[in-house]
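# Structural characterization, general
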Amino acid sequence: MAVMTDRETEISADVKGWFAGCAAATAVLFLYGLVAALAKGLTFPLLFAGLFVAAVHFAFIAMFTAVPAGLLMWGVRKARLELVAPLFVACGAALGWSGNYLFSPFDRDRMLYAAAGAAAGLAAWYCSRRSLAKTTERAASEGGTT
């Protein structure tokens, strides 16, 4: 069994965190749309349309955030700020707000996207830390170092 290096372990944890952040932002946006649809009368075609829009949102969020999230996580590692969850939340909120502003400057729901970004930042921080801790713990129990 191949042992992952420290760098590979960090990259793997960061990618898992980024993916979880994309999923969290998509979930916030989908739930907002679901609640709005429930208030107006939800139908099955509308639900399936919402699921399609959620898949499009996920793809867009993943493409739009890949580079900024990678830069954030690289900077966090260099500055040794891995345990600062508010940094991830603030950067996620700023990215959500700015993404909405950049692609839809006249939209009034920027706070919704900032909230989705904040949820994404928190999920990315949590999953990245958890994945890194599991990998490090597994390597320590096997007697190797990562």
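Thresholds applied
Residues numbered from 1 in each chain as written. Predicted model: local features only at pLDDT ≥ 70, side-chain atom pairs only at ≥ 80, totals over all residues. Heavy atoms only, no water. Patch = residues over 30% accessible without salt bridge, like charges linked within 9 Å, V, L, I, M, F, W, Y side chains within 5 Å. Areas by Shrake-Rupley, 256 points an atom, 1.4 Å probe, with all protein chains shown as cover. Salt bridge = Lys/Arg side-chain N within 4 Å of Asp/Glu carboxyl O. Helix = DSSP H or I, 4+ residues; strand = E, 2+ residues; numbered from the N terminus. Buried < 20%, exposed > 50% of the residue type's maximum accessible area, 1.4 Å probe, protein only.

### Thoughts on a nonpolar patch on the surface
Taken together, the side chains of F60, M63, L102 and F103 make up a nonpolar region of the molecular surface, amounting to roughly 460 Å² of accessible area. Among the secondary structure elements, those contributing two or more residues to the nonpolar patch are α2 (44–79) and α3 (85–103). Here F103 shows up in helix α3.

### What to know about the pattern of salt bridges
The final tally for this structure, using the stated rule, is two salt bridges. R77 is the partner of D14 in a salt bridge, and the nearest nitrogen-oxygen pair spans 2.6 Å. With a gap of 63 residues between them, D14 in helix α1 (residues 6–40) and R77 in helix α2 connect regions that are remote in the sequence. By relative accessible area, which is 11% here, D14 ends up buried. Of the charged contacts, one joins R129 and D14 as a salt bridge, the two residues approaching to 3.8 Å between their closest N and O atoms. Taken together, the positions of R129 in helix α4 (residues 110–141) and D14 in helix α1 put the pair 115 residues apart, joining distant regions of the chain. In this pair, the class of R129 matches that of D14, namely buried.

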